Amino acid sequence: MKLGVLISGRGSNLQALMAATARDDYPAEIALVVSNQPQAAGLERAREAGLATAAFDHRDFADRQNFEAEIDASLRGAGVELVCLAGFMRLLTAGFLEGWPDRVVNIHPSLLPAFPGIHVHEQVVASGARFSGCTVHFVRPEMDAGPIIIQSLVPVRPDDDADTLAARVLATEHQCYPKAVKWIAEGRVRINGDLVEVDGAGTPQMAAINPI
Ligand code: GRF
């Protein structure tokens, strides 16, 4: 399965996908990396690895439709079959998403539907929540919404600040995203309304309690 990865920044989740797709037995490859930030560090990572890249600075476009039309054309030109948002900081319109039905996924650094949006880790720490984690989900027009494929769980520790929590969550993001994409590429992921079924996937039996 050919992936298009959309980024805006450092691209550590892109890096995790690059590492996964480099393996012989992984059922997907990265066909194109697109950034709306021409200076994104992730673009450099991709170029160094010999991947095709494109940059479309959203500030150069009169409106969202024109910006998205360029992205859409570049993805189709590269033969992309699944679009992976990996720290892509622009909302995609319903119009764009209609052209990619159930073909756009995103990773978000919280246990959705809790804590959508930005400044997630600050909000989690301030809330007193005992757990956080990440979510990979199919993208719907509403921000950080859509059928959930996989989540990870990490404890929030009493001495955490946003940075220490972010680092703990990010490490699990790098495990979850390649796993979710693999399942999709293997044809094991089905959407039933708001719910996702993953053929052959297990479920942990243990409750996690924090503090202990
Ligand atoms: C990640 O925390 C991701 O969940 C969020 O944006 C961040 C991107 O980080 N959507 P990176 O660019 O992949 O390192």
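Residues numbered from 1 in each chain as written. Predicted model: local features only at pLDDT ≥ 70, side-chain atom pairs only at ≥ 80, totals over all residues. Heavy atoms only, no water.

Asker: For this particular structure, what's the right way to read the overall build of the protein?
Answerer: For the protein, the helix and strand inventory stands at 6 helices and 9 strands. For 212 residues, the compact-globule estimate of 2.2 N^0.38 gives 17 Å, and the protein sits close to it at 17 Å. Long-range contacts, defined as pairs at least 24 residues apart, comprise 62% of the intrachain contacts of the protein with a sequence gap of at least 6. Only carbon and sulfur atoms are counted for the fraction: they give 52% of the accessible area of the protein, which is about 10,700 Å². Here the protein holds 18 positive side-chain charges and 26 negative ones, and the gap between their average locations is 4 Å. (Helix = DSSP H or I, 4+ residues; strand = E, 2+ residues; numbered from the N terminus. Rg over C-alpha atoms; globule rule 2.2 N^0.38 Å. Contact = heavy atoms within 4.5 Å. Areas by Shrake-Rupley, 256 points an atom, 1.4 Å probe, with all protein chains shown as cover. Lys, Arg positive; Asp, Glu negative; His and termini not counted. Charge placed at Lys NZ, Arg CZ, Asp CG, Glu CD.)

Asker: Honestly, the packing of helix H5 (residues 120-127) against helix H6 (residues 162-185) in this entry has me stumped. Any pointers?
Answerer: Packed helices, taken two at a time, are described by the angle between their axes plus the distance between the axes. One can describe the packing of H5 onto H6 by two numbers: an axis separation of 9 Å at closest approach and a directional angle of 110°. By the angle between their directions, the pair H5 and H6 is classed as roughly perpendicular. Seen from above, H5 lies across H6 with right-handed handedness. Contacts between H5 and H6 involve His-121, Glu-122, Val-124 and Val-125 from the former and Ala-162, Leu-165, Ala-166 and Val-169 from the latter. A breakdown of the residues in the contact of H5 with H6 according to their chemical character gives 6 nonpolar, 1 polar and 1 charged. (Axes fitted to C-alpha atoms, helices over the stretch in contact; angles between N-to-C directions. Parallel < 35°, antiparallel > 145°, perpendicular 65-115°, else oblique. Left-handed = near helix turned anticlockwise from the far one by under 90°. Nonpolar A, V, L, I, M, F, W, Y, C, P; charged D, E, K, R; others polar.)

Asker: Where do I start with the state of the cysteines in this structure?
Answerer: The term disulfide refers to a covalent linkage connecting the sulfur atoms of a pair of cysteines. Taken as a whole, this structure holds 0 disulfides when the rule is applied. Looking at Cys-176, it has no disulfide partner, and the nearest cysteine sulfur is the one in Cys-134, 3.7 Å off. According to the relative accessible area criterion, Cys-176 is buried, its value standing at 6%. (Disulfide = S-S within 2.5 Å. Buried < 20%, exposed > 50% of the residue type's maximum accessible area, 1.4 Å probe, protein only.)

Asker: Explanation requested: the domain arrangement of the protein in the structure shown.
Answerer: Buried accessible area, meaning the area lost when the parts come together, often serves as the stated size of an interface. Split by domain assignment, the protein resolves into domain 1 (1-101) and domain 2 (106-205). Just the C-alpha atoms count here: the centres of domain 1 and domain 2 sit 20 Å apart. Where domain 1 abuts domain 2, roughly 1,500 Å² becomes buried across the two surfaces, and 74% of that area is made up of carbon and sulfur atoms. Our enumeration of links across domain 1 and domain 2 arrives at 0 salt bridges. Remark: the boundary between domain 1 and domain 2 carries 5 residue pairs in polar contact (both at pLDDT 80 or more). Among the elements of the structure, helix H1 (12-21), strand E4 (82-85) and helix H4 (94-98) are those that each provide at least two residues to the side of domain 1 that touches domain 2. When its residues are assigned to classes, the side of domain 1 that touches domain 2 shows 17 nonpolar, 2 polar and 1 charged. (Domains from an automatic or database assignment. Buried area = accessible area lost by both parts, 1.4 Å probe. Salt bridge = Lys/Arg side-chain N within 4 Å of Asp/Glu carboxyl O. Polar contact = N/O pair within 3.5 Å; in protein donor to acceptor, adjacent residues only side chain to side chain.)

Asker: What is the right way to look at the pattern of salt bridges in this model?
Answerer: A side chain of one charge can pair with a side chain of the opposite charge when the charged atoms of the two come close. By the definition in use, this model includes 9 salt bridges. Between Asp-57 and Arg-59 there is a salt bridge; the shortest N-O distance is 2.8 Å. Judged by its relative accessible area of 13%, Asp-57 is buried. The salt bridge partner of Arg-190 is Asp-199, with a shortest N-O separation of 2.4 Å.

Asker: So what exactly am I meant to see when it comes to the environment of Ile-150 here?
Answerer: Among the structural elements, Ile-150 can be located in strand E7 (residues 148-155). Among all residues touching Ile-150, those that are not within four sequence positions of it are Cys-134, Thr-135, Val-136, Cys-176, Lys-179, Ala-180 and Trp-183.

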